[in-house]
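# Analysis of the macromolecular model
Spelled out, the chains give:
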Amino acid sequence: MGKNLEELRQLVVEEGLPGFTARQIAQWLYVKKVRTIDEMTNLSKAARARLSEKYEVGVTPYAGLQISSDGTKKYLFPVRCTHKRGLNLKTSSEELEDGAIEAVMIPDDDRATLCVSSQSGCRMGCRFCMTGRQGFHGHMSAADIMSQFIAVDESDRLTNAVFMGMGEPLDNYDNVMRVIEILTADWGFGWSPKRITLSTIGVIPNLKRYLDECRCHLAVSLHNPFGPERLSMMPVQGAWPIQEVIDLIKQYDFTGQRRVSFEYTMFAGFNDTKAHADALIRMLRGLECRMNLIRFHKIPDFPYDTSADAIMEGFRTRLNNSGLTTTIRASRGEDILAACGMLAGQHNDAK
């Protein structure tokens with residue numbers, strides 16, 4: 001699990017197997033989604049035995065599940081962040097897990113969207129994000145990221161993916177991109193890039209790589225157009241100011257199939273004024289994009305509440321009237337702490 005076709009080719013050659021075996025294994029892993037090498041029945045018994053001596057498929061079953069009143073489901077997965085796994089070298093039974101991550105399945109009519117995590121914890125340190133508050137525990141391997149797609153109960157009917165769970169996807173660039181390759185390749189899931197969205201806080205070096213190398217959608221966590229105010233909430237502003245992020249994005253074409261959107265969590269009396277709306281309009285002028293306004297879900301030891309509905313609606317109207325397409329995102333899974341910014345790794349804290 002988590003290996004691309006070239007890596008599988010290298011593996012089978014090293015094991016003395018024909019090169020075409022790599023595509024057969026990819027079919028078993030990513031189309032048929034088997035859990036054991038022994039299920040790969042178009043491989044010879046000798047080949048399966050040889051592979052089973054050293055390797056495992058690497059799917060990690062979920063360890064916990066919560067279901068919201070609105071049908072949203074939050075899955076808990078154990079992870080071993082420092083190890084590359086699946087079709088992977090077997091790991092010692094004495095090896096300790098690094099912690100746990102959460103993935104969220106969001107049903108919506110005929111859509112089933114999986115919100116996946118890419119790191120255990122996060123090192124971006126946003127004050128309003130529960131994941132950021134728990135600190136950084138490690139990068140997830142491509143195998144552990146892919147396991148979220150394979151192990152959830154809805155695996156066979158997933159329609160979309162968003163890299164918006166725990167962690168900053170562009171801070172774990174190589175593993176995230178390997179997963180996107182698997183999701184979009186004809187030997188993998190075969191998804192259109194239009195079915196995948198990656199959310200970032202604005203890690204400029206890897207953002208440029210993503211825009212150059214990938215055709216999937218982009219969502220940017222903006223939250224405040226004023227640099228000093230954004231810095232007070234989001235330390236990343238000091239390294240990669242949001243204006244520089246926007247300037248980079250404006251160099252790319254978003255008038256076709258690839259979309260860019262901006263996430264804007266609204267805090268009462270902090271970032272919900274007309275001045276903030278007008279600054280957003282100026283900042284994003286000339287860019288084909290949309291704005292998603294997000295209700296803030298209260299967390300402990302944080303001074304702000306979410307903006308009132310009337311304030312949010314007025315903010316939305318002001319942006320829409322300027323030509324900036326803006327919606328208020330519906331909250332999902334709040335009762336199981338599955339909404340935006342609420343994935344906290346409580347299992348890690350308990351340990």
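Residues numbered from 1 in each chain as written. Predicted model: local features only at pLDDT ≥ 70, side-chain atom pairs only at ≥ 80, totals over all residues. Heavy atoms only, no water.

### Quick look at the side chain of Thr159
With respect to the element layout, Thr159 can be found in the loop between α5 (142-151) and β9 (160-163). There is a polar contact of 2.7 Å between the side chain of Thr159 and the side chain of Asn160. (Helix = DSSP H or I, 4+ residues; strand = E, 2+ residues; numbered from the N terminus. Polar contact = N/O pair within 3.5 Å; in protein donor to acceptor, adjacent residues only side chain to side chain.)

### Quick word on the pairing of strand β2 (residues 64-67)
With four bridges joining them, β2 and strand β3 (residues 73-79) adopt antiparallel strand pairing. The residue bridging Gln66 from the neighbouring strand is Lys74, located in β3. Hairpin connection from β2 to β3: five residues lie between these consecutive antiparallel strands, with Gly71 at a positive phi of about 95°. (Pairing = 2+ DSSP bridges.)

### Things to note about the packing of helix α7 (residues 204-213) against helix α10 (residues 242-249)
The N-to-C vectors of α7 and α10 enclose an angle of 15°; their axes lie 11 Å apart at closest approach. One finds that α7 runs roughly parallel with respect to α10. For the crossing formed where α7 meets α10, the hand is right-handed. Taken together, the residues of α10 that come into contact with α7 (itself represented by Ile204, Leu207, Lys208 and Leu211) are Glu244, Val245, Leu248 and Ile249. Looking at the contact of α7 with α10 residue by residue, the class counts come to six nonpolar, no polar and two charged. (Axes fitted to C-alpha atoms, helices over the stretch in contact; angles between N-to-C directions. Parallel < 35°, antiparallel > 145°, perpendicular 65-115°, else oblique. Left-handed = near helix turned anticlockwise from the far one by under 90°. Contact = heavy atoms within 4.5 Å. Nonpolar A, V, L, I, M, F, W, Y, C, P; charged D, E, K, R; others polar.)

### With respect to the sheet that holds strand β10 (residues 196-200)
Across the sheet, 10 strands lie side by side as β2-β3-β5-β6-β9-β10-β11-β12-β13-β14; this open sheet has mixed pairing. Taken across any chain shown, the strands that pair with only one partner, and hence form the sheet edges, are β2 and β14 (325-328). Averaged over all neighbouring strand pairs, the angle between strand axes comes to 20°, with direction disregarded. Contacting β3, β5 (99-108), β6 (111-115) and β9, α5 crosses the sheet at an angle of about 140° to β3.

### Section: the nonpolar core
Counting 110 residues, the largest nonpolar core has Phe149, Phe163, Tyr210, Ile249 and Phe262 as the members making the most contacts within it. Each residue touching Phe262, except ones within four places of it in the same chain, is listed here: Val220, Leu222, Ile246, Ile249, Leu284, Leu287, Cys289, Arg290, Met291 and Asn292. (Core = buried A, V, L, I, M, F, W, Y, C linked by side-chain atoms within 4.5 Å. Buried < 20%, exposed > 50% of the residue type's maximum accessible area, 1.4 Å probe, protein only.)

### Overview of the packing of helix α6 (residues 173-184) against α7
Describing two packed helices takes the angle between their axes plus the distance from one axis to the other. The interhelical angle for the contact between α6 and α7, taken along N-to-C directions, is 20°, at an axis separation of 11 Å. Viewed along their axes, α6 and α7 adopt a mutual orientation that is roughly parallel. Handedness of the α6/α7 crossing: right-handed. Of the residues in α7, those touching α6 at Tyr173, Asp174, Met177 and Ile180 are Asn206, Arg209, Tyr210 and Glu213. For the contact of α6 with α7, the class distribution of residues is four nonpolar, one polar and three charged.

### Some remarks on the side chain of Ser155
The topology assignment puts Ser155 in the loop between α5 and β9. A residue is classified by how much of its surface remains accessible, and Ser155, at 7% relative accessible area, is buried. Among residues more than four places away in sequence, those in contact with Ser155 are Lys33, Phe149 and Ile150.

### What about the pattern of salt bridges?
Going through the model one piece at a time under the given rule, you end up with 17 salt bridges. Between Asp171 and Arg123 there is a salt bridge whose closest N-O contact spans 2.6 Å. With Asp171 in the loop between β9 and α6 and Arg123 in the loop between β7 (119-121) and α4 (130-133), this residue pair connects regions lying 48 residues apart in the sequence. Residue classification places Asp171 among the buried positions, given a relative accessible area of 18%. Taking the relative accessible area as the measure of exposure, Arg123 reaches 47% and is therefore partly exposed. Its salt-bridge partner being Arg329, residue Glu263 comes within 2.2 Å of it at the nearest N-O pair. Of the two residues, Glu263 is situated in strand β12 (residues 260-266) and Arg329 in the loop between β14 and α13 (346-350); the sequence distance between them amounts to 66 residues. Overall, Glu263 belongs to the buried group, its relative accessible area being 4%. (Salt bridge = Lys/Arg side-chain N within 4 Å of Asp/Glu carboxyl O.)

### Some words on the confidence of the model for the protein chain
Of the residues in the protein chain, 91% have a pLDDT of 70 or more, and the chain-wide mean is 91. Low pLDDT, under 50, characterises residues 92-97; the predicted model gives this stretch seven contacts beyond four residues in sequence or across chains. (pLDDT = per-residue confidence, 0-100.)

### Brief notes about helix α12 (residues 309-321)
An ideal rise of 1.5 Å per residue puts 18 Å on 13 residues; α12 measures up with 18 Å between its terminal C-alpha atoms. Considered for burial, the residues of α12 that qualify are Met312, Phe315 and Leu319. Viewed along the axis of α12, the buried residues span an arc of 65°, placing them on a single side of the element. Of the residues in α12, the exposed ones pointing more than 90 degrees away from the buried face are Ala310 and Asn321. In this fold, the buried residues of α12 make contact with β12, α11 (274-284), β13 (290-295) and β14. Phi turns positive one or two residues past the end of α12, at Gly323, with a value near 100°. (Expected span 1.5 Å × (residues − 1). Arc of directions from axis to C-beta.)

### A look at unusual backbone geometry
We note that Lys33 has phi near 55°; this positive angle belongs to a residue other than glycine. With respect to the element layout, Lys33 can be found in the loop between α2 (21-30) and α3 (45-54). The exposure class of Lys33 is buried, given its relative accessible area of 15%. Positive phi values are uncommon outside glycine, yet Asp301 reaches one of about 55°. By the element assignment, Asp301 lies in the loop between β13 and α12. Asp301 gets classed as exposed once you look at its relative accessible area, which sits at 76%.

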